[in-house]
Amino acid sequence: MELTPSSSPLEPINAQLLTLPNLLLPHRDLFTQLVNADIMELNSASATKAALVNSSMGVMEQLLSKLSKLLEEEYDKLRGVSKQIKFLRDELSAMSTTLHMLADAEDLSGNMRHWRDQVRELAYDIEDCIDAFMDRVDHEHEGPTGILGLFHKLKKLIPRHEITKELEELKARAIEASERHKRYSFMEQPAHRSRSYGVDPRLPALYEEIDRLVGIAGPKKEVIELLAMEMNGSSSAKLRVVSIAGCGGLGKTTLAKQVYDTIRSQFSCAAFASVSQTPDVRKILRDIAKGVGFIQNTGDDDEQQLIDKLRGYLQDKRYLVVLDDVWDAEAWKIIKLALLNNDHGSRIITTTRNARIASFISSQGGNVYQMKPLSFSDSKRLIFKRAFGSESLSCTHLGSVPDELLRKCGGLPLAIITIASILNDQHAKSEWDRVLNDIGYALARNFGAGTMTTILSLSYFDIPLHLRSCLLYLSVFPEDYEIKKQHLINRWTAEGLVHAEQGRTKYEIAESYFNDLINRSMIQPIDVKYGQAKACRVHDIILDYIKCKASEENFVTSIDAVGHGYTSDYKVRRLCVSNYNEGNTTLWASKILTQVRSVTIFGLPVKTSLLPSTALRVLDIGDCRGMNDHHLASIERLFHLMYLRLCSRSIHKLPEKIGELQYLQTLDVQGTSINELPLTIAKLQRLSHLYVNREVKFQDGMIGQMLSLEEMRVYGVQSCDQWKSLQEFGRLTKLKILEIKWNSDMPDGSEGIIQAKAIQTYVGTLLSLCNLQNLYITDASRMYPLSLESWHPDASCGLRNLWLKGFPIYKVPNWIVSLGNLRVLKLWIFFLRSEDIVILGAIPSLVLLKLTTAGGTSGRIIIHGSDGFRSLKYFYLSIGCCGTALEFGAGSMPKVEHLNLVLCVHKMEFRNGACSFGIQHLLALSRIEFQIRGYCWDDNECDPTVDEYDGTSQPPHCQIHKR
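Just so you know, these numbers come straight off a predicted model, no measurement behind them.

Novice: Talk me through helix 15 (residues 376-388); I want residue IDs and the actual numbers.
Specialist: An ideal rise of 1.5 Å per residue puts 18 Å on 13 residues; helix 15 measures up with 18 Å between its terminal C-alpha atoms. By the burial criterion, the buried members of helix 15 are Asp 378, Ser 379, Leu 382, Ile 383, Phe 384, Lys 385, Arg 386, Ala 387 and Phe 388. Just downstream of helix 15 lies Gly 389, where phi reads positive at about 85 degrees.

Here it is as C-alpha cells:
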C-alpha cells in the first residue's frame, strides 16, 4: 500500500483564481454573505466527528444525532446550507422507525431489502458530505488578510458551492427514498432482554471443564493411545501423525488442545499453531519456531530459510506439534518439510474438517481419529451447565422442550453452547418455547440451511442492534486471530461503534460490549482472570457467518488480494485485505474506494492510493510486513484518521506532517524501528492512546503537551536524567494507564544511592495523579532497593493496578492500605517482614498479589488467618534464596483459588521448609502451580536473618543478582 499524492479539493490551484469571477456571477448572494460573515473558530467535540459506521439502523441513529448537534451548536457555520441539513434530518427521522423494524427482519422482500440498503448508503454519504463541509468551514478563518484575504475567501466559495450542490443531490435521494418506503408494509420489532455487564463468572469454569461435560475424556484417551501405539512392528521412536477429523463445531480444536496439554510435558519442546482456510505458511512456520523455543530472529526469513532452520533445530529433539484447522494438502506438504523424522519419538497432531485431507496427512505412519457428535446425555448436561450453571438442576417444568432443542442441535457442542447462551438464566418455559419455535420456523423456511447456520442466525438476531455492529466488525480479522481487547476497543471507538452513556467512560461501555459478546458465546475469551479477558478469538464457523452478514450489509468488504474482485454497486466502507502473494499486488482503483472509512491489511503491502478517501478513520497495517517509510508519504492528507497502527521493522520514522492529523486518537508504532517521535506529535490534541517501543525518545516538553492522553505504553527510561521527565506526566489530568520500563544499571556507591532517591521521588509524583488507574513500572537492569514511605498518594487516588516489577523495595509502605480500589499488586520486596504481610492483607479490594523476595526476615514467611486477604483469589510468591520456611496458617487467604509458588534447591537439597506449607488450610484452592529452580540468588548477597533496612544508607549485599 502506498499513500501516493493525488488531487484534493483542499489543494490550492492557481488556475481557479483566474476563473473565480465567472464562477461567482450565478452565486452573488452567497458571495456577499460569505465575504461579510465573521468566521468563528469551531471547537466541535469529537463526537461531532465520530465515524458513522453501524449497520443500517446504527448508521441512521448516529447521523440523526450528528445533524441535530450540528443545527443546535454550529448554526453560524451553516450559512447557505442550514435548510438542506434541517430537511435531511427531518426526512431521515421519519425513516428511523421503519429501519428499527427492518433491523430484526431475517426475511425481507427484494424491494424492501433494496430500500433499506439505499437508505443506509444515503446515510453514509450524508455524513461524509457534512464532515467535508465542516472541515472546509473550519479552515475558512485561516489565511491572509486584506486583498489577499479576499481572494482566500473567494477560493473557498468553490468547495462551499460544491457542497451545496451535493446536499441538493442528497436531498433529492432522500425524497425519492421517502416516497418509495410508503409503498411497503413493515414488520414489528421484537423486544430484547437486557444483559448484565461483565463476563459471566461461569464461563471460565465451563471452558476449563468442557472435557468432562461434553465427553472429551474418552476421545482424549483414544487419541493418546493412537499417538503411542505400536504399528506394524515399527518402533515408537518413529515420527507419528494423528489427524482429528470432523465437521465444524464438533470440538476438534478443544480435543487437540486437551491432548496437547496432557502430553506436552513428555516432550523436550512443543508448539500449537493454527493453519486456517487461507494459510500464511511463513507465519505458521514462525509460530512453530517460537513455540518450540527457537530464539533466533526469523522476521526476514523466507519459507525455505525457516524450514532449514527448524530442521536443524529439531534434529536432536523430541517434539510435539499441533496443526489446527488444516484445509488443504498443499500447506501441509510445505509445513511437513520442517518437521523431520528424527527417530526421537516426535508426534504431530492435526485437525481438519475434510476426511480426505485427514487420510492424506496420516497416509505415511499415521492414524485418523473421526470425531462423533455428543451423546444425548452429554448434550443435556452441557446445555443445563451453560444455561443455569448446574448440570444436575431439576428442570421438569420445561417438559420436553430441552430434548427437542437438543435434537435440533445434532450433538454439536458449539450449537448447544450458542443456544444455551440465548437461554442464560431464563427459567421460564415460555422463553424456551420461544427459542424452540424460532428455530423450527427458521428451519422450515430455509430447509436447505444447516442446523448450525440456523442457530447462529437465531443468536445473531437475539443480539441488540448496537452489539451486532460490534460483532460484525470482528469479520475484519482472519481465522484463529488473537484479538487483543484493548486494540479492539480502540478500533470500535474510532469507528463510532461505542455509544456514550451518562456517568460511564467509553472504555467502560466498550468493555461491557466485549463481555456481553463473550457471555453470548459469540466470541471465545482468551486469558481470563477473575472476570476479565485480555483477548478473544472468533470460532471459524461464527466468523464465516458474520463475514457473510457483513458483506450483505456492506459493513465490511473482505478481499483476497490474490484473486480479488468486487462486483457490488455500493461504495466500499470498510476494507480488509489478506495478501500473502509474494508478487507486487496492485489493488483495484475505483470510485468505490473514495469513501472507504477503514482499511486493514494482513500479509504483504498492496499497491494502491488511499488519498482519494478523505473519509478514512482507521488504518491498521500492524500485521502487514514489509512496510517502509515511503509508504507513509502524504499520510497527513488522511485528515479524518482516528486510528493508526504500524508494526514493520522497516519503518524508521514518522513524517513530520503527522501532526496535521487533528482527529487522531490512537497511534500504535510498537514493533517498528522508530526511535524518536517528531515534535509535531504534540500537536495531536485528541491523541488519547499512544503505544511505542521503550527505545523511543521524547524531547523535553513533548509529554506535557499531550493533554488528552489517557494511555501511554511504553515509556522507556535509559538514564537517570530521563526520570525527571516523569514530572511532565503530572500535567496529564486524563491519564489512566502508564507503563514505564527502566533499562539502565545504577552506578555503585553513593552516586547510586543518590540516583535511587531521586527516582523514588519522581515515581512518587505519579501517584498524585488522581485519575491514574494502572501504573506499571518494570525494570531490566540492576537497581538499589527503594523506600516508598515518602510517597503520599492523594486520598482520592483511584489506582486499580500497581506493578513494581524488578524494582526492589525495603518494605511495604503503610499508605498502600488507603488504595481502596487496588485489585492487582506486583512487588519485589528485598526481605519480606511479618509487618509487610499484615499491611498487604489489609488492602480491601486486592484480588491478585504477586510477590518476589529474597526471603523472609528471620528465615520465615508465615501467613496467619488473622492477616486479612479477604478478597484475594490469586497468590504468587517467588523466594530467591534458600533457607526460608513458608507456612499458611488455619483460615488464611480464605478466597484464594490459584496458588503459584517458585522456590529453589540448594546443592540438590530442598531447604525451604516442610513440604505441605499448610496448603490444606487454603479452603478455596482449586489450582496449584509449583516451580522448583535449580539455581538461586547468590547466598553471599542474601541474609534472611536481617530484619530490615532504613533506606538511609547503602545496605549490605543489597544488589541482588542471579547466579
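And the narrative resumes.
Novice: Run through the packing of helix 11 (residues 281-291) against helix 13 (residues 329-338), naming residues and quoting values.
Specialist: In the contact formed by helix 11 and helix 13, the axes pass within 10 Å of each other and the chain directions differ by 35 degrees. Read as a crossing pair, helix 11 and helix 13 show a hand that is right-handed. Contact residues: helix 11 offers Val 281, Ile 284, Leu 285 and Ile 288, while helix 13 offers Ala 331, Ile 334, Ile 335 and Ala 338. For the contact of helix 11 with helix 13, the class distribution of residues is eight nonpolar, no polar and no charged.

Novice: Outline the packing of helix 15 against helix 17 (residues 413-422), supporting the account with residue identities and numerical values.
Specialist: Running from N to C, helix 15 and helix 17 cross one another at 35 degrees; their axes reach a closest spacing of 8 Å. The handedness of the crossing between helix 15 and helix 17 is right-handed. Residues Ser 379, Leu 382, Ile 383, Arg 386 and Ala 387 of helix 15 lie in contact with helix 17, whose contacting residues are Pro 413, Ile 416, Ile 417, Ile 419, Ala 420 and Ser 421. Here the contact of helix 15 with helix 17 is composed, by residue class, of eight nonpolar, two polar and one charged.

Novice: Outline the environment of Phe 384, listing residues and values.
Specialist: Turning to its location among the elements, Phe 384 is positioned in helix 15. Taking the C-alpha atoms as reference points, Phe 384 and Ile 416, 32 residues apart in sequence, are found 9.8 Å from one another. Excluding its chain neighbours within four sequence positions, the residues that come into contact with Phe 384 are Gly 389, Ser 390, Glu 391, Cys 395, Leu 398, Pro 402 and Trp 432.

Novice: Report on the pattern of salt bridges, specifying residues and quantitative values.
Specialist: Within the structure shown, the criterion is met by 25 salt bridges. The salt bridge involving Asp 301 is made with Lys 309; its shortest N-O contact spans 2.7 Å. With a closest N to O distance of 3.1 Å, Asp 433 and Lys 429 form a salt bridge. Taken together, the residues Asp 433 and Lys 429, both in helix 18 (residues 429-445) and four residues apart, mark about one turn of the helix. Overall, the relative accessible area of 25% leaves Asp 433 in the partly exposed class. Because the salt bridges share partners, they merge into one network encompassing Arg 491, Asp 620, Asp 623, Arg 645 and Asp 668.

Novice: Before we move on, can you summarise the nonpolar core with the specific residues and values?
Specialist: Counting residues in each nonpolar core, the largest one holds 103 residues, and the members touching the most others are Phe 698 and Trp 723. Once residues lying within four places of it in the same chain are set aside, the contact partners of Phe 698 are Leu 677, Leu 690, Val 692, Ile 703, Met 706, Met 712 and Tyr 715. In this structure, Met 371, Ile 416, Tyr 481 and Ile 489 belong to the second largest nonpolar core, which totals 94 residues.

Novice: Kindly report on the sheet that holds strand 5 (residues 366-370), identifying the contributing residues and their values.
Specialist: Reading across from one edge, 2-3-4-1-5 is the order of the five strands in this open sheet, with parallel pairing throughout. Looking at strand neighbours, the two that pair on one side only are strand 2 (269-276) and strand 5, the edges of this open sheet. When strand polarity is set aside, the average angle formed by the axes of neighbouring strands in this sheet is 15 degrees. Of the strand pairs in this sheet, strand 3 (residues 319-326) and strand 4 (residues 347-352) are connected by four bridges, and their pairing is parallel. Paired with Leu 323 across the strands is Thr 350, a residue of strand 4.

Novice: So, the sheet that holds strand 8 (residues 532-537): which residues are in play, and what are the values?
Specialist: Read from one edge of the open sheet, three strands run 6-8-7, paired in antiparallel fashion. Because the sheet does not close on itself, it has two edges, and the strands there are strand 6 (483-484) and strand 7 (524-529). Relative to strand 8, strand 6 is paired through two bridges, and the arrangement is antiparallel. Looking at strand 8, one finds that Ile 483 is bridged to Cys 536. Contacting strand 7 and strand 8, helix 22 (residues 506-519) crosses the sheet at an angle of about 65 degrees to strand 8.

Novice: Please set out a nonpolar patch on the surface residue by residue, giving values where relevant.
Specialist: A cluster of nonpolar side chains, Ile 928, Phe 930 and Ile 932, forms an exposed patch at the surface whose accessible area comes to about 280 Å². Its location among the elements puts Ile 928 in strand 27 (residues 927-933).

Novice: Explain the pairing of strand 20 (residues 824-829) residue by residue, including any values.
Specialist: Across the six residues of strand 20, six count as buried, placing the element largely inside the fold. Residues Val 824, Lys 826 and Trp 828 of strand 20 are buried on one face, and the alternating residues Leu 825, Leu 827 and Ile 829, pointing to the opposite face, are buried as well. When strand 19 (residues 801-809) meets strand 20, the two strands line up parallel, connected through five bridges. Along strand 20, the bridge assignment pairs Leu 802 with Leu 825. In this structure, strand 20 lies alongside strand 21 (residues 848-853), joined through six bridges in parallel fashion. In the sheet register, Ile 829 faces strand 21, and the bridge partner there is Thr 853.

Definitions and cut-offs
- Residue positions within a chain follow its written sequence, with the count starting from 1.
- Side-chain atom pairs in this predicted model are given and counted only at pLDDT of 80 or more, local residue features only at pLDDT of at least 70, and totals for whole chains, interfaces and linings cover all residues.
- No hydrogens and no water enter the side-chain calculation; it runs on all heavy atoms of the structure.
- Per the convention used, a helix needs a DSSP run of H or I reaching at least four residues, while a strand needs a run of E reaching at least two, with both numbered from the N terminus.
- Helices are assigned an expected span. That span is 1.5 Å times one less than the residue count.
- Any residue under 20% of the maximum accessible area for its type is buried, any over 50% is exposed, and the rest in between are partly exposed; the area is computed with a 1.4 Å probe on protein chains only.
- Angles shown run from 0 to 180 degrees and are taken between the N-to-C directions of axes, each axis being a line fitted to C-alpha atoms and, for helices, limited to the stretch in contact.
- In a left-handed crossing the near helix is turned counterclockwise from the far helix by less than a right angle, and in a right-handed crossing that turn is clockwise.
- Between two residues, a contact is recorded if the distance between any of their heavy atoms is within 4.5 Å.
- Gly is placed with the polar residues, together with every amino acid not listed as nonpolar (Ala, Val, Leu, Ile, Met, Phe, Trp, Tyr, Cys and Pro) or charged (Asp, Glu, Lys and Arg).
- We count a salt bridge whenever a side-chain nitrogen from Lys or Arg sits within 4 Å of a carboxyl oxygen from Asp or Glu.
- Note on terminology: a nonpolar core comprises buried Ala, Val, Leu, Ile, Met, Phe, Trp, Tyr and Cys residues joined through side-chain atoms within 4.5 Å.
- Two strands pair if DSSP finds at least two bridges between them.
- Every patch collects residues that have over 30% relative accessible area and no salt bridge, joining them within 9 Å if they carry like charges and within 5 Å if they are nonpolar side chains (Val, Leu, Ile, Met, Phe, Trp, Tyr).
- The accessible surface values rely on the Shrake-Rupley method and a 1.4 Å probe; as for residues, cover is taken only from the protein chains in view.

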